[in-house]
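# Structure assessment
Residue strings, one per chain:
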Amino acid sequence: MQTKTLIVPLSNNRSYPIYIGENLLQNPDIFADFVTNKNKSKNKKIMIVTNTTIENIYLNTLQNTLAKITPKENIFATILPDGENYKNWETLQKIFDNLLANFFDRKSLIIALGGGVIGDMTGFAAACFQRGVDFLQIPTTLLSQVDSSVGGKTAINHPLGKNMIGAFYQPKAVFADIKTLQTLPKREISAGLAEILKYGFINDAPFLEFFTSENFAKIFDNNADVLSEIIYKSCQNKADIVAKDETESSDKNLRALLNFGHTFGHAIETYFGYGTYLHGEAVAIGTMMAAEFSQNLGFITPKEVAKIQTLLNQAKLPTALDKKVNANDLYKLMFHDKKVQNGTLNFVLLKNLGEAFVYKLNSAEENSTLIIKSIEKFIQ
């Protein structure tokens, strides 16, 4: 299949490409412009950051590919433990230790090879090291290919809140190799579908019509053409929003709309400890809670809520918590969310299927009963 290219259009010459195709990890030509200095006089040092799982599957392939366009001695690797529970300061420090021990400088390049955790931590390290060095995203999970690798959000977690410490820092390019999805557990494919369906829920209702039973089956069978289509469409949706509101600072709160389901979902992840639910699973449950809250406020119909649940079920995602939780405790955790401003909790809700908006609570008490009710409905 032919590699697709999509541009994330940003100001000040910071636009960058997203490459979507098969066997990108084995294609030295696609990396060449990012690996060598423009004057070709000296090759960059390259630090590949990955985890213990991906190391055994793809690290050698990438190292061998890069060795075709730059001396092998310029290629280094940092191997981090695998899991959301390691997305913290202690693990981040391992990246800095290796960069400093090997005398990396501002002209160096850092490559994130892995899922969303690796991408977020690597991007944050790149933003901080010597006040900013170039980095590339090579996402190896469906969720990271359609969401976290695109748009420049980088962060680590804190025990009180997910992604609360980070920076907006854009990569130089993103390489979504569909072949890497063949080694992904089906549970991770489902997790990625939570973010993919989100684009339809918030901004692109016609996109939802693509998700027939037949196409869901093809997704889980790793059909390259179908995967390429949904990855491209998802990245296009996100790139369009990021281009208009890169740092969530526009008056229209456009980029904030990408957080549909996340206020509830992040609270779920924090409550149970990072890693109990995959991010996409927590977002799927949070999506149902946000949809229910939208209905309770009179914005969308029960039929629309049911359609959302049907699609999530077809994606083999959980739509309710299967663990004990106090709804009020979950609600309180939401006030540690990044979308809290001056004590005001902001939710992304739906006016219609395909049309999202930011709903602001004017006080901690306002509609708290409806929020808790929306949580309780999805506690088994």
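Presented here is a report on the structure given in the accompanying data block. Just so it is clear, the model here is predicted, and its values are computed rather than measured.

What counts as what
- Counting starts from 1 at the beginning of each chain's written sequence and moves along it residue by residue.
- The predicted origin of the model limits local features to residues at a pLDDT of at least 70 and limits the giving and counting of side-chain atom pairs to 80 or more, whereas totals for whole chains, interfaces and linings rest on all residues.
- Think of the side-chain values as coming from all heavy atoms in the structure, minus any hydrogens and water.
- Pairing between strands is defined by DSSP: at least two bridges between them are needed.
- A run of H or I in DSSP becomes a helix once it reaches four residues, and a run of E becomes a strand once it reaches two; helices and strands are each numbered from the N terminus.
- A fitted line through C-alpha atoms serves as each axis, taken over the contacting stretch for helices, and the angle formed by two N-to-C directions is quoted from 0 to 180°.
- For this analysis, a polar contact is any N or O atom pair within 3.5 Å, provided that within protein one partner can donate a hydrogen and the other can accept it, and provided that sequence-adjacent residues contribute only side-chain to side-chain pairs.
- The contact criterion used throughout is that any non-hydrogen atoms of two residues lie within 4.5 Å.
- In this scheme, a residue with accessible area under 20% of its type's maximum is buried, one over 50% is exposed, and one in between is partly exposed, where area comes from a 1.4 Å probe on protein chains only.
- Within this analysis, the arc is defined by the directions that extend from the helix axis to the C-beta atoms.
- Stacked, edge-to-face and tilted labels apply to pairs of Phe, Tyr and Trp rings (six-membered ring for Trp) whose centres lie within 6.5 Å, assigned for plane angles under 30 degrees, over 60, and everything in between, in that order.
- Lysine and arginine charges are scored as sitting over a ring when NZ or CZ, respectively, is within 6 Å of the ring centre and within 35 degrees of the ring normal.
- Take a side-chain nitrogen of Lys or Arg and a carboxyl oxygen of Asp or Glu: if they are within 4 Å of each other, that pair is a salt bridge.
- Geometric relationships in this document are graded by angle, where less than 35 degrees denotes roughly parallel, more than 145 denotes roughly antiparallel, 65 to 115 denotes roughly perpendicular, and other angles denote oblique.
- Polar here means any residue other than Ala, Val, Leu, Ile, Met, Phe, Trp, Tyr, Cys and Pro, which are nonpolar, and Asp, Glu, Lys and Arg, which are charged; Gly is therefore polar.

Let us look at the sheet that holds strand β9 (residues 173-177). What holds strands together in a sheet is hydrogen bonding between their backbones, with the strands either parallel or antiparallel. In space, the seven strands of this open sheet follow the order β1-β2-β9-β6-β5-β3-β4, with mixed pairing throughout. With one partner strand each, in any of the chains shown, β1 (4-8) and β4 (75-80) form the two edges of the open sheet. Sheet twist, expressed as the average angle between the axes of neighbouring strands with direction ignored, equals 20°. The sheet contact formed by β1 and strand β2 (residues 16-21) spans five bridges and is antiparallel. Considered in β2, the bridge of L6 is made with I18.

For Q170, the location among the structural elements is in the loop between β8 (161-168) and β9. Side-chain polar atoms of Q170 contact the backbone oxygen of G151, separated by 2.8 Å. Not counting the four nearest positions on each side in its chain, Q170 is found in contact with L10, R14, Y16, F135, G151, G152, V242 and E246.

Attention shifts here to helix α14 (residues 368-376). Of the residues making up α14, those classed as buried are S368, I371, I372, S374 and I375. Down the axis of α14, the sector holding all buried residues measures 155°, keeping them to one side. On its buried face, α14 is in contact with α10 (262-272), α11 (279-296), α13 (327-333) and β10 (346-352).

A few words now on the environment of I230. Structurally, I230 is set in helix α9 (residues 224-244). Those residues within four positions of I230 in sequence are excluded, and the remaining contacts are L193, I196, F207, F210, F211 and I219.

Another point: the packing of aromatic side chains. Taken as a whole, this structure holds 19 aromatic pairs when the rule is applied. For the ring pair F210 and F211, a centre distance of 5.7 Å and an interplane angle of 85° mean the geometry is edge-to-face. Between F293 and F347, the aromatic rings sit 5.3 Å apart at their centres with planes inclined by 75°, giving edge-to-face as the arrangement. Of this pair, F293 sits in helix α11 while F347 sits in strand β10, placing them 54 residues apart in sequence. With relative accessibility at 0%, the residue F293 sits in the buried group. An aromatic cluster is present here, built from F264, F293, F299, F347, F357 and Y359 joined pairwise through their rings. In this structure, K351 packs its charged tip against the face of F357, placed 5.4 Å from the ring centre.

Let's shift gears to the pattern of salt bridges. With the rule as written, the count across this model stands at 15 salt bridges. With its nearest N and O atoms 2.8 Å apart, the salt bridge here joins R14 to E246. Of this pair, R14 sits in the loop between β1 and β2 while E246 sits in the loop between α9 and α10, placing them 232 residues apart in sequence. Judged by its relative accessible area of 29%, R14 is partly exposed. With a relative accessible area of 19%, E246 lands in the buried category. The salt bridge partner of K307 is E209, with a shortest N-O separation of 3.2 Å.

With that out of the way, let us pick up the packing of helix α6 (residues 186-202) against helix α8 (residues 213-220). The interhelical angle for the contact between α6 and α8, taken along N-to-C directions, is 130°, at an axis separation of 10 Å. Of the possible angle classes, the one that applies to α6 and α8 is oblique. Contacts between α6 and α8 involve K186, I189, S190 and L193 from the first element and F216, I219 and F220 from the second. Its residues placed into classes, the contact of α6 with α8 shows five nonpolar, one polar and one charged.

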